[in-house]
Amino acid sequence: MKLASRIASAAAIVLLVAAAVQSPVQARSSTNIGHGTTCYNVPTTNPDGSITWTRVCFKRA
Amino acid sequence: MRRLIAACAALACATAVTAAGDSARFDVEAGAGREDSSSPLLRLSEDGALVQIVGLSRLAGPVGRLAVDASNDWALTGPLRLSLTAHGETRWSPSSRSLNLGAALAEAGLRWQMGTGSIGVSPSLLLLSVANRPFRAADSIRFDWSEVDVDGGMRALRVESGRYRHAAEYLDLDADVRSISGNRRWKFPVAAIESIEIAAGVRNERNRRSLPDLSNRGAHASVELGWKLAGGDWTANALWQVSRFRAPGPDGLGVRRDRFLALDVTAEWPLSQRLALRTSLATSDNRSQPAIYNNRRHAVDIALVARW
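What comes next is a walk through the structure. (Residues numbered from 1 in each chain as written. Chains lettered and ligands numbered in written order. Predicted model: local features only at pLDDT ≥ 70, side-chain atom pairs only at ≥ 80, totals over all residues. Heavy atoms only, no water.)

## Some details on the overall build of chain A
The test is simple: Helix numbering and strand numbering both begin at the N terminus, where a helix is a DSSP run of H or I of at least 4 residues and a strand a DSSP run of E of at least 2. Buried residues are those whose accessible area, probed at 1.4 Å on protein chains only, stays under 20% of the maximum for their type, while exposed residues exceed 50% and partly exposed ones sit between those limits. Residue contacts are defined here by distance: any two heavy atoms, one from each residue, within 4.5 Å place the two residues in contact.
On a plain count of helices and strands, chain A comes out with two helices and two strands. Ordered by position from the N terminus, the helices and strands of chain A form the series α-α-β-β. Expressed as a percentage of its 61 residues, the buried residues of chain A come to 72%. Look at the contacts in chain A between residues 6 or more apart in sequence, and 11% of them connect residues 24 or more apart.

Structural data, given as structure tokens:
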């Protein structure tokens, strides 16, 4: 086990705590994919045949 | 990484213009703000001990941001639909390179409609760079069931399996990740609070380098409120997350445990049919054992958003 690499990993995780965790509300509004969230579109077919799209955002694994 | 982000942005444009149907979506967002994180900066001393660098324990500075996002959807046979999504984002700070972040995402999806609900399967690839250096490539496949009500309410459940791969200096972080998460949204068109959404999930990260101190399990829950005020759409969100690692870290660090709380408020005002002004205020606090992972983050941001 390379200790220097492990410490660098620890520091990187600290940086990610700052950079990669973002709440769903910002993802919904701005699709901040790099910040730990993802959105996808769900279609719903209306009675007249038209399609309504709903955006679903969630915190990534 | 910048080439990859540019390629992803180009793919985003191509995805959006391939078909100009109602499902095509193309957003560009340019923002500026300020961030402040209290994360300690760490270094390995000559005798191998972990040292916190005094005087460099804070990352703070102005941040610029540019993001391009596009998606499109095509009807295949019967209730089957194909979707493509691309996203490129770069964030830079003139005062601290460590605040720089790059992200590129490509995702394909097959969705089977069943009445008001649908089942989706979506493979994706996410590339991340931190401080101008490649950091992580995350490929995953997600299965979801999502259902939307006529009034805008929504239910969704997801199962995702992914793999983290890292640049050479961070290979120890390579991991397999599995998660289950869900959302439930209620809409109240005529009430003061227009929407309430709750979300929750659990995840398990298993280190691929047989380093149990980097394997961890976690859970999160959040609640979001939406309302209209002063001509704008407002949302407020609270997120609670806990993580527990499986074994003590190196250099006598002990077993890591994180408790993370984030709060944010965002408001958006339409400027024209396709242009909007958005501002957000966010704060978060990560309390960790050991304390070297403690972090408090504050961020304020204002952005112009263009949608096609």
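Once the structure has been displayed, the description carries forward.
## Here we look at the environment of Ala108 of chain B
All names here are of chain B. By the element assignment, Ala108 lies in strand E6 (residues 101–114). You can call Ala108 partly exposed: its relative accessible area is 27%. Sequence separation of Ala108 and Arg278 is 170 residues, and the distance between their C-alpha atoms is 29 Å. Beyond its immediate sequence surroundings of up to four residues, Ala108 is in contact with Ser83, Leu84, Val121, Ser122 and Pro123.

## A look at the pairing of E6 of chain B
Residue and element names in this part refer to chain B. This is how the line gets drawn: Paired strands, as defined in this entry, are two strands with at least two bridges between them according to DSSP.
When strand E5 (residues 80–92) meets E6, the two strands line up antiparallel, connected through 12 bridges. Its bridge partner being in E6, Arg91 is matched across the sheet by Leu101. Where E6 meets strand E7 (residues 117–130), 12 bridges bridge the pair, whose relative direction is antiparallel. What sits directly across from Met114, in E7, is Gly117. Here E6 folds back onto E7 in antiparallel fashion, the turn holding two residues, of which Gly115 has a positive phi close to 65 degrees.

## Section: the pairing of strand E12 (residues 216–229) of chain B
Residues and elements named next belong to chain B. Examined bridge by bridge, strand E11 (residues 195–207) and E12 share 11 bridges and lie antiparallel to one another. Pairing of Gly201 across the sheet is with His220, part of E12. Direction of pairing for E12 relative to strand E13 (residues 232–249): antiparallel, over a ladder of 14 bridges. Within E13, the position partnered with Lys228 by the bridge is Asp233. Hairpin connection, E12 to E13: the antiparallel pair is bridged by two residues, and Ala230 has positive phi, about 55 degrees.

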